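Descriptive structure summary
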Amino acid sequence: MSTLDFVVVLVGSVVVIVGMIAIVARELGTHPERRLVGPVRDSVEVLLPLIGAVVLVISVWISAS
């Protein structure tokens with residue numbers, strides 16, 4: 001992997017992961033109407049996209065290396 005490839009993958013990974021963490025924090029911290037379905041379902045619905053993003057970032061790193 002060249003230096004440019006590494007920088008692009010690194011920056012993209014940081015943007016995706018930090019963005020997803022910000023969304024999860026916002027959803028779990030500031031939306032009381034989400035708690036109407038129960039804490040377990042609420043957490044699963046919010047955390048599944050974050051887990052998917054992590055899997056996507058890991059697969060990009062594996063394929064780029």
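No experiment lies behind these values; they were computed from the predicted model shown.

1. So, the environment of valine 46
By the secondary structure assignment, valine 46 is in helix H2 (residues 39-64). Along the sequence, valine 46 and valine 24 sit 22 residues apart, while their C-alpha atoms lie 6.1 Å from each other.

2. Digging into helix H1 (residues 3-30)
Over its 28 residues, H1 extends 40 Å from the first C-alpha to the last, a length consistent with the 40 Å expected when each residue adds 1.5 Å. In this structure, the buried residues of H1 make contact with H2.

3. Some remarks on the pattern of salt bridges
Throughout the structure, instances matching the rule amount to one salt bridge. Taking the shortest distance from any N to any O, the salt bridge between glutamate 45 and arginine 41 comes out at 2.8 Å. Of the two residues, glutamate 45 and arginine 41 are both situated in helix H2; the distance of four residues between them amounts to about one turn of the helix.

4. Details of the packing of H1 against H2
Axis angle and axis distance: for two packed helices, these are the angle between their axes and the distance between the axes, and together they describe the pair. The geometry of H1 relative to H2 is characterised by a closest axis approach of 10 Å and an angle of 175 degrees between their N-to-C directions. Our classification of the angle between H1 and H2 gives roughly antiparallel. Between H1 and H2, the residues in contact are Phe6, Val9, Leu10, Ser13, Val16, Ile17, Met20, Ile21, Val24, Glu27 and Leu28 and Asp42, Val46, Leu47, Pro49, Leu50, Ala53, Val54, Val57, Val60, Trp61 and Ala64, respectively. Considering only residue class, the contact of H1 with H2 consists of 19 nonpolar, one polar and two charged.

5. What to know about the environment of isoleucine 17
The topology assignment puts isoleucine 17 in helix H1. For isoleucine 17, a relative accessible area of 22% gives the class partly exposed. Residues isoleucine 17 and serine 2, 15 residues apart in the sequence, show an inter-C-alpha distance of 22 Å. Sequence-distant contacts of isoleucine 17, that is, excluding residues within four places in its chain, are made with Ala53, Val54 and Val57.

Thresholds, definitions, all that
Residues numbered from 1 in each chain as written. Predicted model: local features only at pLDDT ≥ 70, side-chain atom pairs only at ≥ 80, totals over all residues. Heavy atoms only, no water. Helix = DSSP H or I, 4+ residues; strand = E, 2+ residues; numbered from the N terminus. Expected span 1.5 Å × (residues − 1). Contact = heavy atoms within 4.5 Å. Salt bridge = Lys/Arg side-chain N within 4 Å of Asp/Glu carboxyl O. Axes fitted to C-alpha atoms, helices over the stretch in contact; angles between N-to-C directions. Parallel < 35°, antiparallel > 145°, perpendicular 65-115°, else oblique. Nonpolar A, V, L, I, M, F, W, Y, C, P; charged D, E, K, R; others polar. Buried < 20%, exposed > 50% of the residue type's maximum accessible area, 1.4 Å probe, protein only.

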